[in-house]
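Here's the letter readout for the chains.
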Amino acid sequence: MVIDVNKCIGCGNCVIACKIENDIPLEIPLSRTWVEGYSVEETVPKAKVQKVVMNTDKNPFLDVEWKYSKVFFVPRLCNHCANAPCVNVCPVYARFYTKEGIVLVDKNTCIGCKYCIVACPYGATFLHPEQGVTDKCTFCYHRIKNGLEPACVLACPTHARIFGDVNDENSEVYKILKEKKVTVLKPEEGTFPRVFYIGLDSRFVE
Amino acid sequence: MKPKVLALSAIFVLAVYSVLLVYVFGLAPYITKKSIENWTEIEGSREKKFLDTKICAECHYKVFKGLKNHSSVSCEACHGAGAKHAITRSKEYIKIDRSREFCLKCHLDIPGRNAVKTVNITHHKGVLCVVCHNPHS
């Protein structure tokens, strides 16, 4: 998946669509995808950062008082790493890679020990409050298997999220990665994420 | 006394290791690949709540063809999940929200919003946006 940070307007459609599609309760502050709003003032040596997170169906960006003038929104989700720490630490092998390279959680095998929550450097996995097992983004596996886009990509009004197969030469993602400069989150963790960001100042993203 | 203890402990260790070996190479779901296949199937056959703009266009072709400003926005971005509506074809299961707040979710001029046209909250206060602006044209 490629995410264009310049196009994100912080409407939160993706968060609500994801929660509806994947049966995550709307009002709890846990979500498979969430949007982070950053307000930044560049000072030396350390920039001042104010961070607001949207992970329920209520959008805080509409009435938040930003302290600094530079504001941008970063949509976040599971990075589906090629070397995923959550797969490596799972003691019961409930997490695995599919043929397409997507990281899935086998909820019948998962025992809810939360090792993966600690291991994930992106904070993308959480304990499902109703099912009692860990849960995370699956790139809407049931949708992409049937030739549809993931729910967050469908719901995004500005096409800030682009989904596709990097190995497929006709896909939009292939063309973007060929032409544009992209960045990933936390490359120093050695996880080889498969979610790429266009135009992101990744210094501020934790 | 000593050889008896040694023999017992050897039997115990053998028993434990044989149980472990049988579990790991015979029964453990990860090694047998069964659970992975099962779960991939379960995950792939889950119920969809959102569909696609192509499917909406099959019935609402006139609206779909007339779209201009919102032509790149999918129907379900505003109208909500439509799988139930596509089956029942009833108005109950689709969202039609004409309120100002709904339009301003995307078009309010908050900082950091550069990709869409924005308006101030004072712009014709009290009048619904859809009175002047048709979202489907």
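These numbers were taken from a predicted model, which means no experiment stands behind them.

Rules used throughout
Residues numbered from 1 in each chain as written. Chains lettered and ligands numbered in written order. Predicted model: local features only at pLDDT ≥ 70, side-chain atom pairs only at ≥ 80, totals over all residues. Helix = DSSP H or I, 4+ residues; strand = E, 2+ residues; numbered from the N terminus. Buried ≥ 20, exposed ≤ 12 C-beta atoms within 10 Å, placed from the backbone. Contact = placed C-beta atoms within 7 Å. Nonpolar A, V, L, I, M, F, W, Y, C, P; charged D, E, K, R; others polar. Pairing = 2+ DSSP bridges. Domains from an automatic or database assignment. Core = buried A, V, L, I, M, F, W, Y, C linked by C-beta atoms within 7 Å.

(A) Highlighting the overall build of chain B. Scanning chain B for helices and strands turns up 9 helices and 0 strands. Secondary structure elements of chain B, listed N to C terminal, follow the sequence α-α-α-α-α-α-α-α-α. In terms of its C-alpha atoms, chain B occupies a principal-axis envelope of roughly 100 × 40 × 25 Å. For chain B, buried positions account for 14% of its 137 residues. Contacts spanning at least 24 positions in sequence make up 46% of the contacts within chain B whose residues lie at least 6 apart.

(B) The arrangement of the environment of P193 of chain A in detail. All names here are of chain A. Assignment of secondary structure puts P193 in the loop between α6 (172-179) and β10 (196-198). According to the C-beta neighbour criterion, P193 is buried, with 21 such atoms within 10 Å. Excluding residues that lie within four positions of it along the chain, P193 makes contacts with N79, C81, V184 and L185.

(C) Summary view of unusual backbone geometry. All names here are of chain A. Between V44 and P45 the backbone carries a cis peptide bond, its omega angle lying at 0 degrees. As for its position among the elements, P45 is in the loop between β2 (34-41) and β3 (48-54). Its identity is not glycine, yet F139 carries a phi of approximately 55 degrees, on the positive side.

(D) Spatial organisation of the interface of chain B and chain A. Taken together, the contacts link 30 residues of chain B with 35 residues of chain A. For the side of chain B that touches chain A, the secondary-structure elements that each account for two or more residues are α2 (29-32), α3 (34-44), α6 (75-79) and α8 (100-107) of chain B. The class makeup of the residues in the side of chain B that touches chain A is 14 nonpolar, 8 polar and 8 charged.

(E) Representation of the sheet that holds β10 of chain A within the structure. All names here are of chain A. Across the sheet, 3 strands lie side by side as β9-β1-β10; this open sheet has mixed pairing. Looking at the sheet topology across the chains shown, the edges are occupied by β9 (161-162) and β10. Pairing analysis gives 2 bridges linking strand β1 (residues 2-4) to β9, with the strands arranged antiparallel. Within the sheet, the bridge partner assigned to V2 lies in β9 and is I162.

(F) Focus on the domain arrangement of chain B. Residue and element names in this part refer to chain B. Segmenting chain B into domains produces domain 1 (2-44), domain 2 (48-96) and domain 3 (97-137). Between the C-alpha centres of domain 2 and domain 3 the distance comes to 21 Å. Counting residues at the interface gives 7 residues for domain 2 and 5 residues for domain 3. Among the residues forming the side of domain 2 that touches domain 3, the class breakdown is 3 nonpolar, 2 polar and 2 charged.

(G) Spotlight on the pairing of strand β4 (residues 70-76) of chain A. All names here are of chain A. For β4, the tally of buried residues reaches 6 of 7 residues, placing the bulk of the element in the interior. One ladder, built from 7 bridges, connects β2 with β4; its direction is antiparallel. Looking across to β4, one finds that V40 is bridged to K70.

(H) Quick peek at the pairing of β2 of chain A. All names here are of chain A. Judged by how many residues are buried, β2 sits mostly within the fold: 6 of 8 residues are covered. Where β2 meets β3, 7 bridges bridge the pair, whose relative direction is antiparallel. The partner of E41 across the bridge, within β3, is K48. From the end of β2 to the start of β3, which pair antiparallel, there are 6 residues.

(I) Up close: the nonpolar core. All names here are of chain A. A17, A151, C152 and A155 are the most contacted members of the largest nonpolar core, which has 64 residues in total. Elements supplying a minimum of two residues to this core: β1, α1 (13-21), β2, β4, β6 (103-105), α5 (151-155) and β10. Ignoring any residue separated from it by four or fewer positions in sequence, one finds C152 in contact with C14, A17, C18, T33 and R161.

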